[in-house]
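Below are the chains, spelled out letter by letter.
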Amino acid sequence: MSEFLVAVLRIAYLAVLWIFILLVTNVIRTDIYGHRVPRNAETVAVAPRQRHKGRKSRKARRREVAAAPSGLQVISGTRAGTYVPLANGVTVGRGNDCTLPIDDDYASTRHAEFSPGIDGAWFVEDLASTNGTHVNGERIENPTRLSVGDEVRIGRTVMTVTGGR
């Protein structure tokens, strides 16, 4: 074989080897950190008509006397129909040590924490998750006060805050 052909084969071999290494690295990164949910995923997950209806009821709720939150009702996701009472704090995530473990590829091991505040108020805090925690369609960065009827989305799982159960 000519020297030119050997050089081309060596370069091709190195290129294929580097592509393989990059693909393996990408798979490992995805397994560790998970997939990112695009910002427009909430519009796909919740139909516009349902979201609009939720906004109307939220405005109506503000006019009423606020009731203290007492629990979380999972309305969509793998744990749909599950009710978790808010007592002594609730952690949500994929981890088995969470109060509400959810099987959701877009949730972190310890994704969010619901904790009591002053005067019966409850707060939700995102625990530095990759895809964030959303309250009433808005991503939260700080602990956020919850009211009865608020919708909390973690990955593809949607929960509503209930009162007086």
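Residues numbered from 1 in each chain as written. Predicted model: local features only at pLDDT ≥ 70, side-chain atom pairs only at ≥ 80, totals over all residues. Heavy atoms only, no water.

- Going by an unreviewed UniProt entry, the protein carries the name FHA domain-containing protein and comes from Cutibacterium equinum.

**Description of the sheet that holds strand β8 (residues 138–139)**
Link 1 in the chain: Reading across from one edge, β2-β1-β11-β10-β7-β8 is the order of the six strands in this open sheet, with antiparallel pairing throughout. One side of each edge strand has no neighbouring strand; the edge strands of this open sheet are β2 (83–85) and β8.
Link 2 in the chain: In this structure, strand β7 (residues 133–135) lies alongside strand β10 (residues 151–154), joined through three bridges in antiparallel fashion. In the sheet register, V135 faces β10, and the bridge partner there is V152. (Pairing = 2+ DSSP bridges. Helix = DSSP H or I, 4+ residues; strand = E, 2+ residues; numbered from the N terminus.)

**Things to note about the UniProt feature "transmembrane region" (unreviewed entry) in the protein**
Link 1 in the chain: Mapped onto this numbering, the UniProt entry gives "transmembrane region" (unreviewed entry) at residues 6–28.
Link 2 in the chain: Spanning residues 6–28, this segment combines 100% helix with 0% strand, and its end C-alpha atoms are found 33 Å apart. (UniProt positions renumbered as here; feature names shortened; annotations may be inferred.)

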